[in-house]
Amino acid sequence: MEKITVIPEKMVFGGSCLAKVNGKNVFIPYAIPGEKIEISIKKSFRDYDIAEIEKVIEPSVHRQLPFCPLYGKCGGCNMQHIDIDFQRELRKQMLADCFEREGINVPEIETISGEPANYRSRIQLTDGGLNEKQSNNILKLDFCPIATDEINSYLKNVSQEKRPLGRVHFFGDKRIVSSAQNEYDHLVIADETKKELWVSKQVGKSKKKAKNKVRQRFAGTLADTRNNCTVCILGKQIEFDVQGFFQSNMDVLEKTIKAVTFNMGGENVLDMYCGAGTFSVFLADIFKKTTLVEHNRDALVHAEVNMAGKKHETYGLSGSRWVKENAPMILEKNGPFDAVVIDPPRSGMEKEVCSWLCKNKTAQIRSISCDPATQARDASYLIRSGYKLTKLYLLDFYPQTSHIESLAYFEFV
Ligand SMILES: C[S@@+](CC[C@H](N)C(=O)[O-])C[C@H]1O[C@@H](n2cnc3c(N)ncnc32)[C@H](O)[C@@H]1O
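Residues numbered from 1 in each chain as written. Predicted model: local features only at pLDDT ≥ 70, side-chain atom pairs only at ≥ 80, totals over all residues. Heavy atoms only, no water.

The name given to the protein in an unreviewed UniProt entry is 23S rRNA (Uracil1939-C5)-methyltransferase, and the organism recorded there is Treponema berlinense.

Shown next as structure tokens:
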């Protein structure tokens, strides 16, 4: 295999570094921009190649020894070989790149961060271990340096053989104040196999029919109450289903909530893609009325509990349908939204939701995203419609990985 010496220019979204070899883009995992490395091409495509590092000739000053023995094998971390400050710098650059590619002038990016390790309150095990990267093997583990103490206590005390088989979700955090389970302190274990059996019992039908029913999100909800968990975030209790969506870094979540709600207030606020209503719980303190939209009705069951006693309306349908079927009537009844908080899935805002925001000229939009490329795409539509991007934050929810979350402030003046 031919060995090629390169100095990668930059890290790109996904965490590989980019170098040019004979004019062709080559992506190199586990490299660091600016260091001299010897690589060999492992996979070749029409427009780009993927290479592996054979030797680090002149290491970057930011290169360090990874602190986890499973690094490179488990699919979780991909930046442990870089010191934490430079990691954050690289994540910032990747975020800025996405916006610049859309022709957007990027303001100075601020970083909201927490601990570099021991932060992750959610992990997923398969047959008691971790899925090995690009393989069907299961990696055994009795410690994960990224996970919280509560998860590590389980990994230490329950041997691999005694852990449940199949895919199992763990949520462990000192902020858990109550859960439907009480076997382990501050830890909820959601076993997917058990969920199927539970659903089957609930609807009294065959397992297959029951599963189909669960998928019919608009037909109602069959939330599995055994996976319920309540955490205390900034002094407020928030309930959610461990198998549903909830952030995995509670320290950064608390700081994010403060940044999302900073300098806002008024009559009406919309929490689009609200999940269990995490942001709404805090928005309700500063707005008179909160409107929540979310297509997963299981999540809305929790949102209703979380918003009890607060003036609100929930809509269990997709953002695009809400915009078409409900928004006109709500605007007529309540007047315009003073602010919109929007936290879509990776695919970004639905087209209809983005166009609706463009037309509505809302004074303040706070856009939270788990994919800077789709956030930048949506931002470009907002900016072309007259919104100003006034602030951009890197939300450093996942240190040691190239995963990027971000928060953008838009204003219509
Ligand atoms: C990134 S999560 C944000 C949840 C919430 N804001 C939170 O912080 O907990 C995105 C949410 O969007 C919901 N969702 C995905 N596609 C949707 C759609 N087309 N319409 C409405 N909600 C959607 C998901 O179910 C999920 O709860």
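Side note on the UniProt feature "active site" (unreviewed entry) in the protein
For clarity, the threshold we go by: UniProt positions are given in the numbering used here, feature names are shortened, and annotations may be inferred rather than shown by experiment. Numbering of helices and strands starts at the N terminus; helices are DSSP runs of H or I of at least 4 residues and strands are runs of E of at least 2. To sort residues, take the accessible area from a 1.4 Å probe on protein chains only and compare it with the maximum for the residue type: under 20% means buried, over 50% means exposed, and anything in between is partly exposed. Pairs of residues are marked as contacts when any of their non-hydrogen atoms sit within 4.5 Å.
Feature annotation in UniProt places "active site" (unreviewed entry) on Cys370, given in this structure's numbering. Mapped onto the secondary structure, cysteine 370 falls in the loop between strand 20 (364–369) and helix 11 (372–384). Here cysteine 370 falls in the buried class, since its relative accessible area comes to 17%. Each residue touching cysteine 370, except ones within four places of it in the same chain, is listed here: Pro344, Pro345, Arg346, His403, Ile404 and Glu405.

Section: the packing of aromatic side chains
To keep things clear, this is the line we draw: Working definition: a ring pair exists when centres of Phe, Tyr or Trp rings (six-membered ring for Trp) sit within 6.5 Å. Plane angles under 30 degrees give stacked, over 60 give edge-to-face, the rest tilted.
According to the stated counting rule, one finds 15 aromatic pairs in the structure shown. Ring geometry for tyrosine 154 against tyrosine 184: centres 5.3 Å apart, planes inclined by 85 degrees, an arrangement best described as edge-to-face. Of this pair, tyrosine 154 sits in helix 2 (residues 149–157) while tyrosine 184 is found in the loop between strand 12 (176–179) and strand 13 (187–191), placing the two residues 30 residues apart along the sequence. Its relative accessible area of 4% is what places tyrosine 154 among the buried residues. You can call tyrosine 184 partly exposed: its relative accessible area is 27%.

Digging into the site of the ligand
The condition is simple: One heavy atom suffices: a residue is near a molecule or strand as soon as one of its heavy atoms comes within 4 Å of it. What qualifies as a polar contact is a pair of N or O atoms within 3.5 Å, subject to a donor-acceptor requirement within protein and to the restriction that residues adjacent in sequence count only when both atoms come from side chains. Surface exposure here means Shrake-Rupley accessible area, sampled with a 1.4 Å probe, where a residue is shielded only by the protein chains that are shown. Under the grouping applied here, Gly and all other residues not named as nonpolar or charged are polar, the nonpolar ones being Ala, Val, Leu, Ile, Met, Phe, Trp, Tyr, Cys and Pro and the charged ones Asp, Glu, Lys and Arg.
Taken together, 16 residues are adjacent to the ligand, and Tyr273, Glu294, His295, Gly319 and Asp343 come closest. At 3.2 Å, a side-chain N or O of threonine 278 approaches an oxygen atom of the ligand. Calculation on the ligand without its partners gives an accessible area of 590 Å², and the protein chains cover 88% of this total. Classifying every residue of the shell around the ligand by side-chain character gives seven nonpolar, six polar and three charged.

A closer look at the nonpolar core
Just so we agree on the cut-off: Residues enter a nonpolar core if they are buried and are Ala, Val, Leu, Ile, Met, Phe, Trp, Tyr or Cys, with the set joined through side-chain atoms within 4.5 Å.
The biggest cluster of nonpolar side chains holds 63 residues, and the ones touching the most others in it are Phe171 and Val231. Here this core gets six residues from one element, more than from any other, and that element is helix 5 (residues 250–261). Cys17, Ile39, Leu270 and Tyr387 belong to the second largest nonpolar core, which has 55 residues in total.

Comments concerning the UniProt feature "domain: TRAM" (unreviewed entry) in the protein
Mapped onto the present numbering, the UniProt feature "domain: TRAM" (unreviewed entry) falls at residues 1–55. Helix makes up 0% of residues 1–55 and strand 58%, whereas the separation of the span's terminal C-alpha atoms amounts to 14 Å.

Let's talk about the sheet that holds strand 13
Applicable threshold: A pair of strands counts as paired when DSSP detects no fewer than two bridges linking them. To obtain each axis, a line is fitted to C-alpha atoms, and for helices this fit is confined to the stretch in contact; angles are then taken between N-to-C directions over 0 to 180 degrees.
Ordered by their spatial adjacency, three strands build an open sheet running 8-11-13, and the pairing between neighbours is antiparallel. The sheet terminates laterally at strand 8 (122–126) and strand 13, the two strands that pair on one side only. Here the strands of the sheet are splayed against their neighbours by 20 degrees on average, with no regard to which way each runs. Across five bridges, the pairing between strand 8 and strand 11 (residues 167–172) is antiparallel. Opposite threonine 126, over in strand 11, you have arginine 167 as the bridge partner.

Digging into helix 6 (residues 278–286)
Count 3.6 residues to each turn of an α-helix, and residues three or four apart come out pointing the same way. Here helix 6 lies mainly inside the structure; seven of its nine residues are buried. Within helix 6, the full set of buried residues consists of Thr278, Phe279, Ser280, Val281, Phe282, Leu283 and Ala284.

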